[in-house]
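Descriptive structure summary
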Amino acid sequence: MTQEELDALMSGGVDMDDMSEEDEHTQEDENSQDREDEPSKDPITAGIEAAELPLPATNENKMVHQLDDVTKESEEKASEIFDIIENISSNLMEKEESLNTVSEILHSNIELFTKLSEKFPDVETFQTQLEKNETALNEINSVVAVLQESGDSIMSVMDIMQYQDIHRQKIERVINVMRALSKYMNTLFEGKIDDEKRVSSATHIAGDTHNELASTDDIEALLEQFGKQ
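Some details on the overall build of the chain
On a plain count of helices and strands, the chain comes out with 5 helices and 0 strands. Tracing the chain from N to C terminus, the helices and strands come up as α-α-α-α-α. Buried residues in the chain amount to 13% of all 229 residues. For the chain, the accessible area works out to roughly 19100 Å², and carbon and sulfur atoms hold 52% of it.

Below is the structure:
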């Protein structure tokens, strides 16, 4: 309320009902102005988070490009794993052969000390050596059994790793389907006239509600901005 309105009110020349109506109209005008000042939202992108907007078509976002990298790296790592497993399996087989050789020697010693113990029962050394060799043979047999179980486990791992190759083949099949679909779509939208020979299309057409049309550079800049968010 201005000073002039206040003076008029004090002198009785202003109706309070008229003042109330005028204040209400003023408030409505201010609310209307605030709504006009609010930024307009695109109905197409309204409610869509920045992370859901399309990413720019770079090598990091191209689907077939990424799948090719996955299959290549998967095959390389699988080959490295197979090499490591084969080396472990070879080492286990070598140790098993060495223990079998030692086992044969112990069998020979046991036969010898058995005969000596029977022929010279009073000689305690023969009986002691016989028991030591028998204990050593039991330990070797136990170790050989563990090595054989480990070898069987390694073979199971190699069998399981075969599924990795199957998965790689499935991904490659998906890639082939995607590439075939891409070529089909390109062929479907192919024209008889080269783009360079086409007549340039009109920027504005009669009946357009506005002339603010985005150019190709504007669209590319917008997509790049969305990709950085």
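Still more to cover.
As for the packing of aromatic side chains
Counted according to the given criterion, the structure contains 1 aromatic pair. Ring geometry for Phe 120 and Phe 126: centres 6.1 Å apart, planes at 55°, overall tilted. Owing to a relative accessible area of 37%, Phe 120 belongs among the partly exposed residues under this scheme.

Some thoughts on the environment of Asn 176
Locating Asn 176 in the fold gives a position in helix α4 (residues 124-188). Here Asn 176 falls in the exposed class, since its relative accessible area comes to 53%. The spacing of Asn 176 and Val 64 is 112 residues in sequence and 9.1 Å in space, taken between C-alpha atoms.

A short note on the pattern of salt bridges
According to the stated counting rule, one finds 3 salt bridges in the structure shown. With a closest N to O distance of 2.4 Å, Arg 168 and Asp 165 form a salt bridge. Pair noted here: Arg 168 and Asp 165 are both in helix α4, with a separation of 3 residues, about one helical turn. Using a relative accessible area of 13% as the deciding quantity, one classes Arg 168 as buried. Residue Arg 168 pairs with Glu 172 through a salt bridge whose shortest N-O separation is 2.8 Å.

What to know about the confidence of the model for the chain
Mean pLDDT over the chain: 76, with 62% of residues reaching 70 or higher. Low pLDDT (under 50) marks residues 38-48, which in the prediction has 1 contact with non-local residues, meaning those over four places away or in another chain.

Digging into the packing of helix α3 (residues 63-119) against α4
Between α3 and α4, the shortest axis-to-axis distance is 7 Å and the interhelical angle comes to 165°. On the basis of the axis angle, α3 is roughly antiparallel to α4. As for the relative orientation of α3 and α4, their crossing is left-handed in sense.

Remarks on a negative patch on the surface
Taken together, the side chains of Asp 68, Asp 69, Glu 73, Glu 75 and Glu 76 make up a negatively charged region of the molecular surface. Secondary-structure assignment places Asp 69 in helix α3. Residue classification places Asp 69 among the partly exposed residues on the basis of a relative accessible area of 30%.

About the cut-offs
- Residues numbered from 1 in each chain as written.
- Predicted model: local features only at pLDDT ≥ 70, side-chain atom pairs only at ≥ 80, totals over all residues.
- Heavy atoms only, no water.
- Helix = DSSP H or I, 4+ residues; strand = E, 2+ residues; numbered from the N terminus.
- Buried < 20%, exposed > 50% of the residue type's maximum accessible area, 1.4 Å probe, protein only.
- Areas by Shrake-Rupley, 256 points an atom, 1.4 Å probe, with all protein chains shown as cover.
- Phe/Tyr/Trp six-rings, centres within 6.5 Å; stacked < 30°, edge-to-face > 60°.
- Salt bridge = Lys/Arg side-chain N within 4 Å of Asp/Glu carboxyl O.
- pLDDT = per-residue confidence, 0-100.
- Contact = heavy atoms within 4.5 Å.
- Axes fitted to C-alpha atoms, helices over the stretch in contact; angles between N-to-C directions.
- Parallel < 35°, antiparallel > 145°, perpendicular 65-115°, else oblique.
- Left-handed = near helix turned anticlockwise from the far one by under 90°.
- Patch = residues over 30% accessible without salt bridge, like charges linked within 9 Å, V, L, I, M, F, W, Y side chains within 5 Å.
- Lys, Arg positive; Asp, Glu negative; His and termini not counted.
- Charge placed at Lys NZ, Arg CZ, Asp CG, Glu CD.

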